Amino acid sequence: MPTKPAGTLYRGKVGMWSWVLHRITGVAIFFFLLVHVLDTALVRLSPEAYNAVISTYKTPLIGLAETGLVVAILYHALNGVRIILVDFWRKGAKYQNKMWWAVLVICVALFVPFAIRHLSNVFHIG
Amino acid sequence: MSVVIETPRSPRSRKGANWEKYGWMYMRISGAILVALIFGHLFANLMVGEGIHAIDFAFVGGKWANPFWQVWDGLMLWLALIHGTNGMRTIVNDYVERQNVRKALVWALWVICGALIVLGTLVIFTFDPCPAGSDPSLLPSFCTK
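Anyway, here's the lowdown on the structure attached to this text. (Residues numbered from 1 in each chain as written. Chains lettered and ligands numbered in written order. Predicted model: local features only at pLDDT ≥ 70, side-chain atom pairs only at ≥ 80, totals over all residues. Heavy atoms only, no water.)

### Topic: the overall build of chain B
The following threshold applies: The way it works is that DSSP assigns letters per residue, a run of H or I at least four long becomes a helix, a run of E at least two long becomes a strand, and they are numbered from the N terminus. Both definitions apply: the radius of gyration is a C-alpha atom measure, and the globule rule equals 2.2 Å times residues to the power 0.38. Residue burial is assigned from relative accessible area. The probe radius is 1.4 Å, only protein chains are included, and a residue is buried under 20% of its type maximum, exposed over 50%, and partly exposed in between. Here a residue-residue contact requires only that any non-hydrogen atoms of the pair lie within 4.5 Å. Every accessible area reported is derived by Shrake-Rupley at a probe size of 1.4 Å, with residue values counting cover from the shown protein chains alone. Asp and Glu are treated as the negative residues and Lys and Arg as the positive ones, with His and the ends of the chain left uncounted. Positions of charges follow a simple convention, taking NZ of Lys, CZ of Arg, CG of Asp or CD of Glu.
Within chain B, the secondary structure is distributed over four helices and zero strands. The secondary structure elements of chain B, listed N-terminal to C-terminal, are α-α-α-α. Taken over C-alpha atoms, the radius of gyration comes to 21 Å for chain B, far larger than the 15 Å a tight globule of 145 residues would show. Principal axes of the C-alpha set define a box for chain B whose edges measure 65 × 30 × 30 Å. In chain B, which comprises 145 residues, the share counted as buried stands at 37%. For chain B, restricting intrachain contacts to residue pairs at least 6 apart in sequence, the fraction spanning at least 24 positions comes to 67%. Here chain B displays about 8900 Å² of accessible surface, and carbon together with sulfur accounts for 67% of that area. Across chain B, the mean location of the 12 positive side-chain charges is 19 Å away from that of the 9 negative side-chain charges.

Take a look at the structure:
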């Protein structure tokens, strides 16, 4: 039995959590993409087949899941831009921490109008 | 089995193409393009008009009657699937320690990626918005003109 935990490369703080979230959102988007290519491919089968499957996307439960998907996409996209800036911008590494908080702020700023519009469509409000 | 991590500053082998570097560059280049393509896709499909409720066969038919959206969606398909598969490959390489399992998973990822790219590309570019014998009420309005 080891008497102490093994060494770890995880350091905590923004550097680690931004990376953890990037992975989780990336995997979630990947699996949605697989399903999304397959459901769209049904247009080649028949209008009825496509409409039947796509109608499940309009239910309240899946409507909420789509809202979650867009949160994942917003974070992954904007944090991806942050990664590009860290790699290619001269001052990127210096501002990586501040840029992560900026990523979160822009995510919220884009999410709020999206959610108002999308959820009122899903729940037929207005 | 313990994993040997290369010393970070050890020089890389000069034999053959540096595929990891090309993969690293691909993630950043495709990522930047995908931000624009996917934000545009979400806006056009979910924010305009009735949003999600407008999406049906006629909606897709109307979009893909325009080469602009065929190219948009085709680019999105190729860039996103390769980006996502390469990301999954990175994750598999990080967490799967048994060499044969790791190789099998990475191989399966690229097979799925290739199959979906072929399927999606064929669907976008061989799509018939007005299939013969279909209920006209389900088709784009231009089919009946």
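### Structural notes on the pattern of salt bridges
Inclusion rule: The term salt bridge refers to a side-chain nitrogen of Lys or Arg lying within 4 Å of a carboxyl oxygen of Asp or Glu.
Following the criterion strictly, the structure yields three salt bridges over all chains and no others. The closest approach of N and O atoms between A:Asp87 and B:Arg28, which form a salt bridge, is 2.5 Å. Of this pair, A:Asp87 sits in helix H3 (residues 60–88) while B:Arg28 sits in helix H1 (residues 19–47), which puts the two residues in different chains. Classification of A:Asp87 by relative accessible area gives partly exposed; the value is 33%. A salt bridge links B:Arg89 to B:Glu20, with the shortest nitrogen-to-oxygen separation between them at 3.0 Å.

Take it as geometry only, folks, not as evidence of what the structure does.
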